[in-house]
There are 2 protein chains.
Amino acid sequence: MAEKIKYALGIDLGGTSTKFGIVSNLGVILSKTSIPSNAELGPDEVISQIKKGIKQILAQKKAKIKGIGIGAPGVINNEKGTVEYPPNFPGWGRIKLGKIIQKEFGIKTLIENDANAAAIGEYIFGAGKKYNSFVMITLGTGVGGGIIFNNKIYRGEFGAAGELGHISINYKGPKCKCGSVGCIEAYIGINYLKQQVIKELQDNPGSKILELVNNEVDLITPRIIQEAMEKGDEFAKSVVENMGIQLGSVLTSVSNLLDISTFIIGGGVSGFGKPLINKIQKTIVERVFIPTKKRVKVLPAKLKNDAGIKGASALVFYKS
Amino acid sequence: MAEKIKYALGIDLGGTSTKFGIVSNLGVILSKTSIPSNAELGPDEVISQIKKGIKQILAQKKAKIKGIGIGAPGVINNEKGTVEYPPNFPGWGRIKLGKIIQKEFGIKTLIENDANAAAIGEYIFGAGKKYNSFVMITLGTGVGGGIIFNNKIYRGEFGAAGELGHISINYKGPKCKCGSVGCIEAYIGINYLKQQVIKELQDNPGSKILELVNNEVDLITPRIIQEAMEKGDEFAKSVVENMGIQLGSVLTSVSNLLDISTFIIGGGVSGFGKPLINKIQKTIVERVFIPTKKRVKVLPAKLKNDAGIKGASALVFYKS
């Protein structure tokens, strides 16, 4: 007898827009929508927008919803269902978002930090499906992450664990905006990376990167660097290799500390694709403890578009 | 009614000598002994020495032993009771040491990696008694550690977790003998530290360190550096402060990753005492995520002498 298909409503709360999707337990999106978060207007308005989006998507498709999952920025207390001081949400404080939504719609609502939700998404639907334990790192403007250990998300003492972007790779390195020194985010967070590339292009005036942006360095993106690399540009190649060494160094430390050897790389910067993944893998294998070397696996994330919605909906299918 | 006092036999298996002690559940040593491990003569001889030591100490004191705990180097599978490839034990491979001892004496035998046993020792008897979660770092020739999370030792996928000494603080730093680059052990492991101090003394010929060892730099120890510091030597002070920054950087990364904010510093180098502890604390508070800052606690280990025996016996009293 085939198992019955179940549905969840996944909500990806972002600083600019909030995305909603009805997702099956096979990870297929039935319908989706997106509305502005209006974060700058304060928490009441954000909550009202979330309710509006839920009504809208529930009206679109008459599926029986097993639960609502919300991925939100900031520190989440997932027992109390609270979201605390999410960055870029002024006036927020600590709000019981889970309970508010559950009460309004009478549907069980689960809430999780967005980086943890992304890891749970990969665990339920994506590259982590076959693994009991892995560490996910998400590369974007910020660098985040999530730890799945023994089929459970690791939350730490107060729900703030998994900040892979703020592991330092150089105790005398550049200041990070988090207040620490030499964090991996301060090297490969998109804005930091771009600044560094622009600086180094002064010594590499022949790079194809400059050609691709017509010398308008503000237009440089990970995609542009990748394109230059694919055209054989040596400088672009060195940028990606250097990122691979830096990420490999962080993940070696994580592996030595946690004895976890599967890593999933997600987010925008992971658009660098295979060359980046390969360099990360090579660096970890070179550096990690001998018994671990043969077990190291570095995998690209599988949930690309709609990773936020799918991760949030995965909370409903995930038995924690 | 007062609780009845219970006893355990703790065994600290070392490369040179193996130490045995009968320890009460209050952490008091009733009797102890030490015999050569004879590691160079192979595993059969080591096991025979362990049996000899056990017989010896059981003959000394006729206490009812609740269990035997063994702290051993190398990777331990504590379900199977195996010790795998302990460093400095030639010809060892993988041996079911736990079962062998349990069978011989008919006493329940538990086995754990020595760094984890040290953390469990602090958790049961020492500085970690009041905490549900903490990270211990042990400073010596090697730098090791153990993670207690939610009242349990965290072992990772294959029992090799907690290698705090091999978190890199500089991805372009000095080679570590583990094969990685810039590990904290490659900065503050006693031999590395000593080499660095000897090198830097060339630029600090007036340092009291040289005076204290009569210019015989081979005699430099953490204790000597501490003594010079206490006499107001600026160079010695800078050595300790630098160690504090390096250790603070590692523990900040660990805190951001694991959301654990209590740290216990053990081992020989921690003989630097308060100035080192204070500098570590200051560095973490400066660097760690804002919500964590107010929770950071850096504590010296409480089990000093016989920490190995007490940690091993704590395995018996610890409910994992």
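Residues numbered from 1 in each chain as written. Chains lettered and ligands numbered in written order. Predicted model: local features only at pLDDT ≥ 70, side-chain atom pairs only at ≥ 80, totals over all residues. Heavy atoms only, no water.

Topic: the overall build of chain A
No. 1: Scanning chain A from N- to C-terminus turns up 11 helices and 13 strands.
No. 2: In terms of C-alpha radius of gyration, chain A reaches 20 Å, essentially the compact-globule figure of 20 Å for 320 residues.
No. 3: For the C-alpha atoms alone, the extent of chain A along its principal axes is close to 60 × 45 × 40 Å.
No. 4: Looking at the 320 residues of chain A, the share that counts as buried comes to 57%. (Helix = DSSP H or I, 4+ residues; strand = E, 2+ residues; numbered from the N terminus. Rg over C-alpha atoms; globule rule 2.2 N^0.38 Å. Buried < 20%, exposed > 50% of the residue type's maximum accessible area, 1.4 Å probe, protein only.)

Quick word on the packing of helix 5 (residues 190–201) of chain B against helix 8 (residues 234–258) of chain B
All names here are of chain B.
No. 1: The contact between helix 5 and helix 8 brings their axes to 12 Å, and the two run at 140 degrees. Taken together, the axis directions place helix 5 and helix 8 in an arrangement best described as oblique. As for how helix 5 packs across helix 8, the hand of that crossing is right-handed. Counting all contacts with helix 5, which are made through Leu193, Val197, Glu200 and Leu201, the residues of helix 8 involved are Phe235, Val239 and Met243.
No. 2: Looking at the contact of helix 5 with helix 8 residue by residue, the class counts come to 6 nonpolar, no polar and 1 charged. (Axes fitted to C-alpha atoms, helices over the stretch in contact; angles between N-to-C directions. Parallel < 35°, antiparallel > 145°, perpendicular 65-115°, else oblique. Left-handed = near helix turned anticlockwise from the far one by under 90°. Contact = heavy atoms within 4.5 Å. Nonpolar A, V, L, I, M, F, W, Y, C, P; charged D, E, K, R; others polar.)

Focus on the packing of aromatic side chains
No. 1: Following the criterion strictly, the structure yields 10 aromatic pairs over all chains and no others.
No. 2: Ring plane angle 70 degrees and centroid distance 6.1 Å describe the contact between Phe125(A) and Phe317(A), whose orientation is recorded as edge-to-face. Placement of the pair is Phe125(A) in helix 3 (residues 114–125) and Phe317(A) in helix 11 (residues 307–317), with a sequence separation of 192 residues. Here Phe125(A) matches Phe317(A) in class, with each residue buried.
No. 3: Residues Phe149(A) and Tyr154(B) carry aromatic rings whose centres are separated by 4.7 Å and whose planes lie at 55 degrees to one another, so their mutual orientation is tilted. Taken together, the positions of Phe149(A) in strand 10 (residues 143–149) and Tyr154(B) in the loop between strand 11 (152–153) and helix 4 (185–188) put the pair across two chains.
No. 4: One Lys or Arg, Arg295(B), reaches over the ring of Phe158(A) and ends 3.7 Å from the middle of that ring. (Phe/Tyr/Trp six-rings, centres within 6.5 Å; stacked < 30°, edge-to-face > 60°. Lys NZ or Arg CZ within 6 Å of the ring centre and 35° of its normal.)

Re the domain arrangement of chain A
Size of an interface: often given as the accessible area lost when the parts come together.
Residues and elements named next belong to chain A.
No. 1: One can read the domain layout of chain A as domain 1 (7–123 + 306–317) and domain 2 (131–300).
No. 2: Each of domain 1 and domain 2 has a C-alpha centre, and these two points are 27 Å apart.
No. 3: Contact residues are listed per partner, giving 11 residues for domain 1 and 14 residues for domain 2.
No. 4: Counting the surface domain 1 buries against domain 2, the share from its top three residues, Asn116, Glu122 and Tyr123, is 46%. (Domains from an automatic or database assignment. Buried area = accessible area lost by both parts, 1.4 Å probe.)

Things to note about the relation of the copies chain A and chain B
No. 1: Once chain A is rotated about the relating axis by 180 degrees and shifted along it by 0.0 Å, it coincides with chain B to within an RMSD of 0.1 Å. Here the transformation between the copies is reduced to the relation of a two-fold axis. Within chain A, Asn170(A) has its C-alpha nearest the rotation axis, a separation of 2.1 Å.
No. 2: With an isologous cut-off of 70% or more, the 100% of interface residues of chain A that recur at the interface of chain B puts this contact in the isologous class. (Least-squares fit on C-alpha atoms with pLDDT ≥ 70 in both.)

A look at a nonpolar patch on the surface
No. 1: A surface patch of nonpolar side chains, amounting to about 290 Å² of accessible area, comprises Ile5(A), Leu26(A) and Val28(A).
No. 2: With respect to the secondary-structure elements, Ile5(A) resides in the segment before strand 1 (7–13). (Patch = residues over 30% accessible without salt bridge, like charges linked within 9 Å, V, L, I, M, F, W, Y side chains within 5 Å. Areas by Shrake-Rupley, 256 points an atom, 1.4 Å probe, with all protein chains shown as cover. Salt bridge = Lys/Arg side-chain N within 4 Å of Asp/Glu carboxyl O.)

Topic: the interface of chain A and chain B
No. 1: Taken together, the contact pairs 42 residues of chain A with 42 residues of chain B.
No. 2: For the chain A and chain B pair, buried surface summed over both sides reaches about 3700 Å², with 57% attributable to carbon and sulfur atoms.
No. 3: Across the chain A-chain B interface, the total number found is 0 salt bridges.
No. 4: At the boundary of chain A and chain B, one finds 26 residue pairs in polar contact (both at pLDDT 80 or more).
No. 5: Listing elements by their share of the side of chain A that touches chain B, those giving two or more residues are strand 10, helix 8 (234–258) and helix 9 (274–287) of chain A.
No. 6: The greatest single-element share of the side of chain A that touches chain B, amounting to 10 residues, is contributed by helix 8 of chain A.
No. 7: Classifying every residue of the side of chain A that touches chain B by side-chain character gives 19 nonpolar, 16 polar and 7 charged. (Polar contact = N/O pair within 3.5 Å; in protein donor to acceptor, adjacent residues only side chain to side chain.)

What about the sheet that holds strand 5 (residues 75–77) of chain A?
Residue and element names in this part refer to chain A.
No. 1: Strand order in the open sheet formed by 3 strands is 5-6-7, and the pairing between neighbours is antiparallel. Unpaired on one side and paired on the other, strand 5 and strand 7 (94–95) mark the two borders of the sheet.
No. 2: As defined by bridge partners, strand 5 adjoins strand 6 (residues 82–84) across 3 bridges and the pair is classed as antiparallel. Bridging from a neighbouring strand, valine 75 pairs with glutamate 84 of strand 6. (Pairing = 2+ DSSP bridges.)

Let's talk about the pairing of strand 3 (residues 29–36) of chain A
Looking along a regular strand, one sees the side chains alternate between the two faces of the sheet.
All names here are of chain A.
No. 1: As judged from the 7 bridges shared by strand 2 (residues 17–24) and strand 3, these two strands associate in the antiparallel manner. Paired with serine 17 across the strands is proline 36, a residue of strand 3.
No. 2: Here strand 2 folds back onto strand 3 in antiparallel fashion, the turn holding 4 residues, of which glycine 27 has a positive phi close to 85 degrees.

With respect to a positive patch on the surface
No. 1: A surface patch of like charges, here positive, comprises Lys129(A), Lys130(A), Lys297(A) and Lys302(A).
No. 2: Accessibility expressed as a relative area gives 71% for Lys130(A), which makes it exposed. (Lys, Arg positive; Asp, Glu negative; His and termini not counted. Charge placed at Lys NZ, Arg CZ, Asp CG, Glu CD.)

Details of the state of the cysteines
All names here are of chain A.
No. 1: Scanning the entire structure with this criterion turns up 0 disulfides over all chains.
No. 2: A disulfide-free cysteine, cysteine 176 has its sulfur positioned 3.8 Å from the sulfur of cysteine 178, the nearest such atom.
No. 3: Looking at the unpaired cysteine 178, the closest cysteine sulfur is the one in cysteine 183, lying at 3.8 Å.
No. 4: The exposure class assigned to cysteine 178 is buried, which follows from its relative accessible area of 18%. (Disulfide = S-S within 2.5 Å.)

Considerations on the sheet that holds strand 9 (residues 134–139) of chain B
All names here are of chain B.
No. 1: Within the open sheet, the 5 strands sit side by side as 11-10-9-12-13. Their pairing is mixed. At either margin of the open sheet sits one strand with a lone partner, and together these are strand 11 and strand 13 (297–300).
No. 2: Strands strand 9, strand 10 (143–149), strand 11 and strand 12 (262–266) of the sheet are contacted by helix 3 (residues 114–125), whose axis makes an angle of about 50 degrees with strand 10.

Observations regarding the pattern of salt bridges
No. 1: For the structure on display, the rule yields 16 salt bridges over all chains.
No. 2: The residue Asp259(A) makes a salt bridge to Arg295(A) at a minimum N-O spacing of 3.5 Å. Of the two residues, Asp259(A) is situated in the loop between helix 8 and strand 12 (262–266) and Arg295(A) in the loop between helix 10 (290–293) and strand 13 (297–300); the sequence distance between them amounts to 36 residues.
No. 3: Arg295(A) gets classed as partly exposed once you look at its relative accessible area, which sits at 21%.
No. 4: In this structure, Lys51(B) engages Glu104(B) in a salt bridge whose closest nitrogen and oxygen atoms are separated by 3.4 Å. Taken together, the residues span a long stretch of sequence, with Lys51(B) in helix 1 (residues 43–60) and Glu104(B) in helix 2 (residues 97–105) at a distance of 53 residues.
No. 5: Sharing partners across several salt bridges, the network here consists of Lys51(A), Lys55(A) and Glu104(A).

Considerations on helix 2 (residues 97–105) of chain A
Residue and element names in this part refer to chain A.
No. 1: Buried residues of helix 2: Leu97, Gly98, Ile101 and Phe105, and no others. For helix 2, the arc enclosing every buried residue in end-on projection is 100 degrees, short of the 170-degree limit, so these residues lie on one face. Looking at helix 2, the residues exposed on the side facing more than 90 degrees away from the buried face are Lys99 and Lys103.
No. 2: At its buried positions, helix 2 is contacted by strand 1, helix 1 (43–60), strand 4 (65–72), strand 6, strand 7 and strand 8 (109–113).
No. 3: Two residues or fewer past helix 2, glycine 106 is found with a positive phi of approximately 65 degrees. (Arc of directions from axis to C-beta.)

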